[in-house]
Amino acid sequence: MVLKYYQQFKQTYLAVDCVTFCFTGEDLEIGELALLIKDIVGYNGNIVHDLSKPDGTPRKLMDVSKLHNLGWKHGINLQDGLKRVYSDYAAN
């Protein structure tokens, strides 16, 4: 069954240039992510948080145990993946 869905995914998405995000199962706060992206893109300004707005969902951690049980594990950490995507974006 998994193979069937993978074949559909492969035909639909891997036939074109695209980036596929599969989560690592590691938790990261939005502020930490913002600082990571700021560092990668070389932004020197300040990041301002509007604390008058709702916080949203406290955690958005994806459970990757099913993927791990199928034998798949991410090969690129978030920081390296973001660097690669930004580098490709900047080059094109």
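Cut-offs applied
- Residues numbered from 1 in each chain as written.
- Predicted model: local features only at pLDDT ≥ 70, side-chain atom pairs only at ≥ 80, totals over all residues.
- Heavy atoms only, no water.
- Helix = DSSP H or I, 4+ residues; strand = E, 2+ residues; numbered from the N terminus.
- Buried < 20%, exposed > 50% of the residue type's maximum accessible area, 1.4 Å probe, protein only.
- Contact = heavy atoms within 4.5 Å.
- Axes fitted to C-alpha atoms, helices over the stretch in contact; angles between N-to-C directions.
- Parallel < 35°, antiparallel > 145°, perpendicular 65-115°, else oblique.
- Left-handed = near helix turned anticlockwise from the far one by under 90°.
- Nonpolar A, V, L, I, M, F, W, Y, C, P; charged D, E, K, R; others polar.

Structural notes on the environment of Leu33
Logical step 1: For Leu33, the position within the fold is in helix 2 (residues 30-41).
Logical step 2: Judged by its relative accessible area of 25%, Leu33 falls in the partly exposed class.
Logical step 3: The sequence separation of Leu33 and Leu78 amounts to 45 residues, and the corresponding C-alpha distance is 9.4 Å.
Logical step 4: Leu33 has contacts with Leu28, Leu78 and Leu82, leaving out every residue within four places of it along the chain.

Section: the packing of helix 2 against helix 4 (residues 78-91)
Logical step 1: At a minimum axis distance of 10 Å, the contact between helix 2 and helix 4 shows a crossing angle of 45°. Classified by the angle their axes make, helix 2 and helix 4 are oblique. Judged by the twist between their axes, the crossing of helix 2 over helix 4 is right-handed. Taking contact as the criterion, the partners of Leu33, Leu36, Ile37, Ile40 and Val41 in helix 2 are, on helix 4, Leu78, Gln79, Leu82, Lys83 and Tyr86.
Logical step 2: Residue composition of the contact of helix 2 with helix 4, by class: eight nonpolar, one polar and one charged.

Shape is all these values report; function is a separate question.
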